[in-house]
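# What the coordinates show
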Amino acid sequence: MSEKTEYTVNDEFHGKRLDAFLAQMAPSYSRSALTQMIKDGFVQIDGKEVTKPSLKLSSAQIVSLTEQQREELENQPQDIPLDVIYEDEYLIVINKPVGLVVHPGSGIKDGTILNAMLYHYPETATLARAGIVHRLDKDTSGLMVIAREKYAQIKLIRAISKHDVVREYEAICQGLVTSGGTVEASIGRDSFNRTKMAVVNDGFGREAITHYRVMEQFREHTLLKLRLETGRTHQIRVHMASIDRPLLGDSVYGGRRLKMMKGASEELTNALRDFKHQALHAAHIEFIHPITGEEMSFDAPLPDDFKALIKLLREDEQVNGEKF
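Rules and cut-offs
Residues numbered from 1 in each chain as written. Predicted model: local features only at pLDDT ≥ 70, side-chain atom pairs only at ≥ 80, totals over all residues. Heavy atoms only, no water. Helix = DSSP H or I, 4+ residues; strand = E, 2+ residues; numbered from the N terminus. Rg over C-alpha atoms; globule rule 2.2 N^0.38 Å. Buried < 20%, exposed > 50% of the residue type's maximum accessible area, 1.4 Å probe, protein only. Areas by Shrake-Rupley, 256 points an atom, 1.4 Å probe, with all protein chains shown as cover. Lys, Arg positive; Asp, Glu negative; His and termini not counted. Charge placed at Lys NZ, Arg CZ, Asp CG, Glu CD. Arc of directions from axis to C-beta. Axes fitted to C-alpha atoms, helices over the stretch in contact; angles between N-to-C directions. Parallel < 35°, antiparallel > 145°, perpendicular 65-115°, else oblique. Left-handed = near helix turned anticlockwise from the far one by under 90°. Contact = heavy atoms within 4.5 Å. Nonpolar A, V, L, I, M, F, W, Y, C, P; charged D, E, K, R; others polar. Pairing = 2+ DSSP bridges. Polar contact = N/O pair within 3.5 Å; in protein donor to acceptor, adjacent residues only side chain to side chain.

Looking only at helices and strands, the chain features 8 helices and 15 strands. Here the C-alpha atoms of the chain give a radius of gyration of 22 Å, agreeing with the 20 Å that 2.2 N^0.38 yields for 324 residues. The C-alpha extent of the chain, read off along each of the three principal axes, is 75 × 45 × 40 Å. Among the 324 residues that make up the chain, the fraction classed as buried is 48%. As presented, the chain carries roughly 16,700 Å² of accessible surface, and 47% of it is formed by carbon and sulfur atoms. Seen as two clouds, the 41 positive and the 47 negative side-chain charges of the chain have centres 6 Å apart.

Here you go:
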């Protein structure tokens, strides 16, 4: 099954890139998905196939997008439990555990939230990415909002792009942070390792802004609350590493270099050594309901291993911290 949708280029988009034009015309798709669709030959201009996302457009051209629903056709429903903390006919809010992948890709074909959505909410088979509007890394836990209906999905995507969805995280970083602040630095692919992201010079990546404040200091670690103003891939992890405060447990961005803490208990030493994922949890989300207009706000408690580690760090601070 396929459906061809046509869009006419108006004067506003004369000289603009093809992928940027489609991102505005088809907001239910992510920019990266549209880029791949162009490269795969699902886009035509004036009846001729084009495969270059950066192609500049001219007024009055007709751009055709053939929507194949390819992801949904390739993915199968799977009975994977979801921790649903809210649901109605338009959307759900879930608390994602560490280790659960959001969407197939990078060698992962199934066992994801997308597969779970197709099983528990079969109506999402008609939606791009089964209603998923934003993501969390595999080893990040916490709150996600997912659409169950197309108009709700479109409006949620627009709200996220306009920074109208509030997302707050809790994290433990290595090293001491003495006061709150903001990291404002563009993020793009690491030129030395394409599987990683990195802070890059302006013009070579996408704008990224992360606000953080100190919740609690320990001897050699800091518990932070962070708020995203933008939502780039690995944003918090990259930004904290860029100021030499990588997240505890983050093997990709420098948080797995275990420094032995003098005087630390064996229990704490083992807990630090065994903490195999980044200490990052999406603890709070708030948004305006895309259909009812109601103000929605949700909180999710920290995972047990995260809470246990904070308890041990707090006890260590009490025993070995500086006395004034």
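Here we come to helix H1 (residues 18–25). Each full turn of the α-helix corresponds to 3.6 residues, which orients residues three or four apart in the same direction. Where H1 is concerned, the buried positions are Leu 18, Asp 19, Phe 21 and Leu 22. Projected down its long axis, H1 carries its buried residues within an arc of 160°, all on one side.

Where H1 contacts helix H2 (residues 31–39), the axes come no closer than 9 Å and their chain directions differ by 125°. As far as their axial angle goes, H2 and H1 are oblique. Considering only the axes of H1 and H2, their crossing is right-handed. Contacts from Leu 18, Asp 19, Ala 20, Leu 22 and Ala 23 of H1 reach H2 at Arg 31, Leu 34, Thr 35 and Ile 38. Classifying every residue of the contact of H1 with H2 gives 6 nonpolar, 1 polar and 2 charged.

For the rest of this paragraph, the subject is the side chain of Ser 186. Tracing the backbone through its elements, the reader meets Ser 186 in the loop between strand E9 (181–184) and strand E10 (187–189). Once residues within four sequence positions are removed from consideration, Ser 186 is found in contact with Ala 198, Val 199, Val 200, Asn 201, Asp 202, Gly 205, Arg 206, Glu 207 and Ala 208.

What follows concerns the packing of helix H7 (residues 266–274) against helix H8 (residues 304–320). Packing of H7 against H8 brings their axes to within 10 Å, and their N-to-C directions diverge by 140°. As summarised for this structure, H7 and H8 are arranged oblique, according to the angle between their axes. Seen from above, H7 lies across H8 with left-handed handedness. Contact with H7, carried on its side by Glu 267, Leu 268, Ala 271 and Leu 272, involves Leu 309, Leu 312, Leu 313 and Asp 316 of H8 and no other residues of that element. Partitioned by chemical class, the residues of the contact of H7 with H8 number 6 nonpolar, no polar and 2 charged.

Right, let's get into the pairing of strand E15 (residues 295–299). Burial along E15 is one-sided: the face carrying Met 296 and Phe 298 is buried and the face carrying Glu 295, Ser 297 and Asp 299 is not. Bridge count for strand E14 (residues 280–288) against E15 is 5 bridges, and the pairing is antiparallel. Residue pairing in the sheet places Glu 286 in a bridge with Ser 297 of E15. With antiparallel pairing between neighbouring strands as the criterion, E14 and E15 make up a hairpin whose turn holds 6 residues, including Gly 293 at a positive phi of roughly 80°.

Relative to the helices and strands, His 234 resides in the loop between strand E13 (221–228) and helix H6 (235–242). What makes His 234 buried here is its relative accessible area of 18%. Engagement of the side chain of His 234 in a polar contact is seen with the side chain of Tyr 253, the distance being 2.7 Å.

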